[in-house]
Amino acid sequence: MEVNILNEPSQILEALVDFEPDIFLLDLYMPKVNGLELAKIIRLLDKYDSIPIVFLTSENSMQTKLQVLECGCDDVLSKNIAPDILVKQIVSRLKRGKTIKYLHSRDSLTGLLNHGQIMEAANNALQQGERRGSSTVIAMIDLDHFKLVNDRYGHAAGDKVIIGLAQLLLQHMRQTDYIGRYGGEEFLIVFPDASIDAIERKINRIRDILSTLQFKHGDSNICVTLSGGIASSDNFDSMASISAAADKALYSAKEKGRNNIQLAKI
Ligand SMILES: Nc1nc2c(ncn2[C@@H]2O[C@H](COP(=O)(O)OP(=O)(O)OP(=O)(O)O)[C@@H](O)[C@H]2O)c(=O)[nH]1
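This section reports on the structure supplied with the text. (Residues numbered from 1 in each chain as written. Predicted model: local features only at pLDDT ≥ 70, side-chain atom pairs only at ≥ 80, totals over all residues. Heavy atoms only, no water.)

## Some thoughts on the pattern of salt bridges
- Scanning all chains against the criterion turns up 11 salt bridges.
- A salt bridge links Lys-40 to Glu-37, with the shortest nitrogen-to-oxygen separation between them at 3.9 Å. Taken together, the positions of Lys-40 and Glu-37, both in helix α2 (residues 35-44) and 3 residues apart, correspond to about one turn of that helix.
- The exposure class of Glu-37 is partly exposed, given its relative accessible area of 42%.
- The network of salt bridges with shared partners includes Asp-142, Asp-144 and Lys-254. (Salt bridge = Lys/Arg side-chain N within 4 Å of Asp/Glu carboxyl O. Helix = DSSP H or I, 4+ residues; strand = E, 2+ residues; numbered from the N terminus. Buried < 20%, exposed > 50% of the residue type's maximum accessible area, 1.4 Å probe, protein only.)

This is how it looks when you write it as structure tokens:
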């Protein structure tokens, strides 16, 4: 477990740039800052809304506990307990917080990152790539004529296909890539530190594999294809422009007859 100790509470926002906490452990009374005020600032940041905030205090009044809960924090632990019990309590809250964070960030059908989380992952990857001087590639992929699958075989069959594609994507990506369900039958994949040519080959391989698969549903075998658009941070410098470019390339793949991948035009 990595612990970042701050003796100067006003530095918290700066410290959070390079440190992703799974739990905040705050003192109620700190130099110059009231712990509750600090907790309110943390709670204003969307990114940390599911991260537990726990207070350590030697006070044990009901009034304090109520104040802590009212400002969106999770618990008050006593400073006066044995250190090993305190550590166990913190680890238990930390694990629970991690589970909640995981569930909060996932798409319930596929287990991939949900829309908000994949956008945040893409944003972070672009910023990190810029700092390191490396390219980030973004691929937007979408199942072709998927409405027909739903209409012909039913929504449950459509769901099966979406889950199948999610698994296919997971099998072919690196640990460091991010895969998210962008919308209904549309997926966004973020490849940090990647070349657009290599990603084009990779997505084309996945497209090829998908086109040969048959999804069994009752007595039916369902076949689907996908189209995709790819853009690199080499040519687009903001999240808005790179995702719009990948989306435009996807649209052009659809126009070109579907079951193909297009690179974003500069
Ligand atoms: N089964 C299922 N279908 C979904 C889900 N989300 C979106 N869809 C369906 O996906 C279909 C998307 O239809 P369209 O946007 O017309 O696109 P399309 O039929 O795939 O056609 P193109 O994208 O132009 O190739 C709609 O029928 C949606 O109901 C989902 O979670 N499960």
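## Structural notes on the sheet that holds strand β1 (residues 24-27)
- What the 3 strands build is an open sheet, ordered β1-β2-β3; its pairing is parallel. Only two strands of the sheet have a single partner each, and these edge strands are β1 and β3 (75-78). With strand direction ignored, the average angle separating the axes of adjacent strands in the sheet is 30 degrees.
- Strand direction decides the pairing type here: strand β2 (residues 53-57) and β3, joined by 4 bridges, are parallel. What sits directly across from Phe-55, in β3, is Val-76. (Pairing = 2+ DSSP bridges. Axes fitted to C-alpha atoms, helices over the stretch in contact; angles between N-to-C directions.)

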